[in-house]
Amino acid sequence: MTGSSEHARLHLPLSAPTLLTSIALVVTGAALLETLLRGVAQPGVAAAFGVTIALGEAIRIALPLGRDSAPLSSTAALAFALSVAVNGQRTTYGAAEVIAVTGLAVLCGMAVQAYAGRHPRPGYLARRVLATGFAAVVFRDWILPGPASGLLDRHTMPASGALLAAVALAALFVDNLLVSVLARLEPGRAPLVDTGPSRRDPVGLTARPRPTARRMLLAFREDCMATAWVCPTVILFAVAIALTARSLGLWVLPIAAAPILVVQRSLRRYAQISATYQQTIRALSRVTELADYTEPGHARRVCHLALAIGRDISLPDTQLLDLEYAALLHDIGQLSLTDPIPGGATVLIARERAASVASLGADVVRQTGVLDRVADILECQWRPFSPQRADEPVLLAAAIIRAANAYDDLVGGALDPDRRLAALRRIRLGMATEYDPRVVESLTRIVESTQPYPG
Amino acid sequence: MTVFEFQKAHSGTAARWAQRLRDMTRGPQSGVGGSSAGTAAARDSRPVQADERVDDGPMPRTARVYVAGVASAAVLAAAVILPGARWGRVDLVLFFVLAALQGVILVTSTFPKFAESPGVPASVAVQLAAVVLLPQGVASASMAVGGLCIALRPGTPIDRMVFVVSGVFLTPVAGEVVYGALHGSRTLMRPEMPAALMPMVFAALALTAVPALLVGTMTVVGGRVRAKAALREAMRRIMPRNVAYSFAGLLAAVLWRHQAPVLATLVMIGPLLVTRWAYEQYAEQRAAHDATVRALVQAVEIKDLYTRGHSERVAKGSEMIARWLGMEEERISILRYAAILHDVGKLGVPTRLLQKDGKFDEAELETIRVHPVRGVDVVRDIAFLNEAYTAILHHHERMDGRGYPTGLAGERIPRFARIIAVADAFDSMTSTRSYRPARSVPDALAELRGCAGSQFDPVIVEAMHQALAHAEREGKPWLGDGTLPVFARSAPRRAALADAGALEAVRAAGVSGVSAGGPTDGAASSGACPLRVRARSGAVCADTALPCPHGDKCAADGFDHDDPAFMVPSPLSERSLSERSLSERERQEPPPHAPLRGRR
């Protein structure tokens, strides 16, 4: 969804991802400078790891729920930071070399991906560089010369293995932390801090802002769950590479890369089918307009608006997905009508009729057997606001779709500001009786701060 | 063992085996792999495909002979290798850990939940670790002990069990022989180490080649897979993946020698867990996707009163043809989506037109004739369907170039489109319409053959014929109407309109004034159209509105869309009748990926 990115709601001179990316670039640059001034300690090792990282980055995938994942690259970067000996020789490179090589390799891989037209989420570079940098600094500059040097020299196995695993785990936690921070700071997402001036509250019924810390914690947990299956393998293989590099030398890289690539292939298949699913629903949402039941682009505009509202009031990712599907399919029930409703505008028809259309649509969606929650949302989309049950996820999503649909029925794809204001005024009249006040507030904010989505 | 390997690749053939196996293992413990309600629903909503039906017959005799051969080979190998094994220096913990891993992988691979996920690569990794770490003979014994765990699964038939255990024993034997012959390292420590990688890689190759060979032969002996297909599958997909995965076992072996047994075990298991999880998610999403597409297409069919379940059956027919033509699995799945979605564009034909009395004017005809273009408009944004766009766009083309929307001819019509055209016509003929009963399969096939060359691609018609005959032999005849769920809500409406439909059909057959003219040259064949249901003088083909090549006896106008809206003369007829040459028309054809715009 492209429309909402124009407005940055945080009062910072730079958006947060840009800020973090700049930090990452500065850190990489500084590390590179230091490495060049001191001379590269082990060029062969650095080159082998660098190539592996770049390769892993070049075949990066986007996991469902929008998280970029490059298991091979993360594994190689962590292993590079954690290796104590390669081919029988102690490694002498420092954290700066690790950061410089990782940063450069990630940039190369990203360039390949960008050439193929795939762009990561903003701030991706920062994730990679800062997480690896964390592990490198902690391990190479602090643990290795200090507390654990004797332990690692004698390579007493369980202890040093556990130590390496702990550092790797910590690094991935840093990564997850960055993901959740970035996700919350993305434009269109709920802001971390309340941005007073744009929030107006004429009726006194606006959303209660959740405590920032709690929201962060929730996001963090969600992100950890999303990667719960991939992270352990990354840690395992990073530690395995670091330990076996002593006897296997750099051969360990292709050897360890092979199974990781198999894993990644299966993840890619999953990501692809997931993306296809979304594309299919988006595509099939157009059948109503094709059949002249709704205005062209209506379903997509409603979906765009509903998602913006959903993000604005901090729905979790899973609910956002249901909301997206429900918004796309919200008019599917109209297919069962012999005569189209004029303009497809359900906002203008009697409530009983709207209810029956909604239930027809819910039946269609329920037929799939897998979109039950979406069907529930569709079933409720005609219901007026009831304060007692407003927090139920289904009803909240239905309320969002109801408001977004009403707005789009009234405005359509029109760019005329007067028409938009008139539509808002009409919807605000129904606030608290017809529409959920939180949703209307959010809708108002979004409409005031964005250009209409062309559909 | 590797029995699960082939089932995806040859789901029409080896799937019978796999399905049997899955059903056997489903038993009382299937709850172990229990799935969420959503997935179960998705699975239930999938229609039963002719090829997927369970076959509970016993293993064919040839296969049993083959299993006996494999078992005796295993016994022979055991007699040669086991006496020489040096049991004195065996690390018992290692022995049992590896045996247990092998057993767990083997047993869990037969859970229904994991049936689609690769158990074999992980098992190869464990075997490589065993071959490298344990002395000759001991490694294969350890694997065989793990293999015996298959007996823990209730309901596994004895012949299956024998095959699995023999395979699990023979595979590491091959690995041991290779590793021993190349003087592979046992210490895996520094002075020997990087150089000792080569024997390990060769052992890994042996460990992947032997099961591929055993199982490949099994499917070929079972009589369902052609040897060439099995070999291609093994070389292209199975071997590279298994070799790649087996390197995890290599890493694990080195780690074990570095006194990190826990890490070594986890390294062998970790990727397996992620892969299984990913496959599970994949299967779930895939089922959800299929179910969603089906349900939404059914919703679309609400409008089209005569074609309930039609898309499904066309998909099934297309799949059968594609399988017979030996198409790859990936392409078949795309073809299936294309076939399911091929008539989505009909939605753009207003109900008003579908139910209209009387003649159609030019604009209305145009609206009807662009429905494939509309269909493409809908699916254009589904990225993976690239090849399907052209199939949907061109499924009303004819081999002689008189179809629509672009008038492509012969081989220039995409193959997918030619397949869908045949399956589409076949289903139209074999399903019941309100104004006529369904025709029998032989009748329909004869009709298809009669029009092969002019309307249909003869190769594909022949493939359809063969595929149906094959299915018949397998005891899975084409069931046609009534096998698929009908969208319940619209049933009353459908009944109410049935009579009107019958009237319109008759009327439509008479709407032939536009295209007067005699039978066209060339296409007039023997006139062997067996069915004369709607034959009347001046009948025209639905697609081209041209007089039927078989004169007034042809039922070909009933082929594609028996609903009245398509029984119309089309403006294309004038174009075809004019002097324009075929090539001229083709030059004006828009590129397939930039289809004509619809109304908007």
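Residues numbered from 1 in each chain as written. Chains lettered and ligands numbered in written order. Predicted model: local features only at pLDDT ≥ 70, side-chain atom pairs only at ≥ 80, totals over all residues. Heavy atoms only, no water.

**Q** Describe the interface of chain B and chain A, with residues and values.
**A** With 70 residues of chain B at the contact, the number on the chain A side is 59 residues. When chain B packs against chain A, close to 6,000 Å² is buried across both sides, 72% of that on carbon and sulfur atoms. Taken together, the links from chain B to chain A amount to zero salt bridges. At the boundary of chain B with chain A, the tally comes to three residue pairs in polar contact (both at pLDDT 80 or more). (Contact = heavy atoms within 4.5 Å. Buried area = accessible area lost by both parts, 1.4 Å probe. Salt bridge = Lys/Arg side-chain N within 4 Å of Asp/Glu carboxyl O. Polar contact = N/O pair within 3.5 Å; in protein donor to acceptor, adjacent residues only side chain to side chain.)

**Q** Explain the UniProt feature "transmembrane region" (unreviewed entry) in chain A to me, using residue names and the numbers behind them.
**A** Residue and element names in this part refer to chain A. Per the UniProt entry, the sites bearing "transmembrane region" (unreviewed entry) are residues 12-33, 45-63, 93-112, 124-143, 163-183, 224-242 and 248-267 in this numbering. For residues 93-112, the helix share is 90%, the strand share is 0%, and the end-to-end C-alpha distance is 27 Å. End-to-end, the C-alpha atoms of residues 124-143 are 27 Å apart, and along that stretch the chain is 100% helix and 0% strand. (UniProt positions renumbered as here; feature names shortened; annotations may be inferred. Helix = DSSP H or I, 4+ residues; strand = E, 2+ residues; numbered from the N terminus.)

**Q** With reference to specific residues and values, describe helix H2 (residues 43-58) of chain A.
**A** Residue and element names in this part refer to chain A. The end-to-end C-alpha distance of H2, which contains 16 residues, comes to 22 Å, matching closely the 22 Å that a straight helix rising 1.5 Å per residue would cover. For H2, the complete set of buried residues consists of Val 45, Ala 46, Phe 49, Gly 50, Thr 52, Ile 53, Ala 54, Gly 56, Glu 57 and Ala 58. In this structure, the buried residues of H2 make contact with helix H3 (71-82), strand S3 (85-86), helix H4 (95-115), helix H5 (124-143), helix H9 (230-248) and helix H10 (252-284). (Expected span 1.5 Å × (residues − 1). Buried < 20%, exposed > 50% of the residue type's maximum accessible area, 1.4 Å probe, protein only.)

**Q** So what's going on with the environment of A:Ala54? Residues and values would help.
**A** Residues and elements named next belong to chain A. Here Ala 54 is to be found in helix H2. Residues Ala 54 and Val 106, 52 residues apart in the sequence, show an inter-C-alpha distance of 5.5 Å. With near-sequence residues (within four places) excluded, Ala 54 lies in contact with Ala 105, Cys 108 and Gly 109.

**Q** Tell me about the side chain of B:Ser454, and please be specific about residues and values.
**A** The residue B:Ser454 is located in the loop between helix H18 (441-450) and helix H19 (458-473) in this model. Judged by its relative accessible area of 10%, B:Ser454 falls in the buried class.

**Q** I'd like a rundown of the packing of helix H16 (residues 393-411) of chain A against helix H17 (residues 417-429) of chain A, residues and numbers included.
**A** Residue and element names in this part refer to chain A. Running from N to C, H16 and H17 cross one another at 140 degrees; their axes reach a closest spacing of 9 Å. Taken together, the axes of H16 and H17 lie oblique to each other. Here H16 and H17 pass one another in a crossing that is right-handed. Taken together, the residues of H17 that come into contact with H16 (itself represented by Ala 403, Ala 406, Tyr 407, Leu 410 and Val 411) are Arg 419, Arg 420, Ala 423, Leu 424, Arg 426 and Ile 427. Counted by class, the contact of H16 with H17 contains eight nonpolar, no polar and three charged residues. (Axes fitted to C-alpha atoms, helices over the stretch in contact; angles between N-to-C directions. Parallel < 35°, antiparallel > 145°, perpendicular 65-115°, else oblique. Left-handed = near helix turned anticlockwise from the far one by under 90°. Nonpolar A, V, L, I, M, F, W, Y, C, P; charged D, E, K, R; others polar.)

**Q** Go over a nonpolar patch on the surface with me, naming the residues and quoting the values.
**A** Residue and element names in this part refer to chain B. Taken together, Leu 182, Met 198, Phe 202 and Leu 205 make up a surface patch of nonpolar side chains, about 360 Å² in accessible area. Its location among the elements puts Phe 202 in helix H8 (residues 197-221). For Phe 202, a relative accessible area of 41% corresponds to the partly exposed category. (Patch = residues over 30% accessible without salt bridge, like charges linked within 9 Å, V, L, I, M, F, W, Y side chains within 5 Å. Areas by Shrake-Rupley, 256 points an atom, 1.4 Å probe, with all protein chains shown as cover.)

**Q** Tell me about the pattern of salt bridges, and name the residues and values.
**A** Residue and element names in this part refer to chain A. As enumerated under the stated definition, the model contains 22 salt bridges over all chains in all. Across the pair Arg 301 and Asp 408 runs a salt bridge whose closest N-O atoms are separated by 2.7 Å. Of this pair, Arg 301 sits in helix H12 (residues 298-312) while Asp 408 sits in helix H16; the two residues are 107 residues apart in sequence, bridging distant segments of the chain. Of the charged contacts, one joins Arg 445 and Asp 312 as a salt bridge, the two residues approaching to 2.3 Å between their closest N and O atoms. Within this pair, whereas Arg 445 is found in helix H18 (residues 437-449), its partner Asp 312 is found in helix H12, the two being separated by 133 residues in sequence. When sorted by exposure, Arg 445 lands in the same class as Asp 312, which is buried. Each of Arg 366, Asp 376 and Glu 379 takes part in a single network of salt bridges with overlapping partners.

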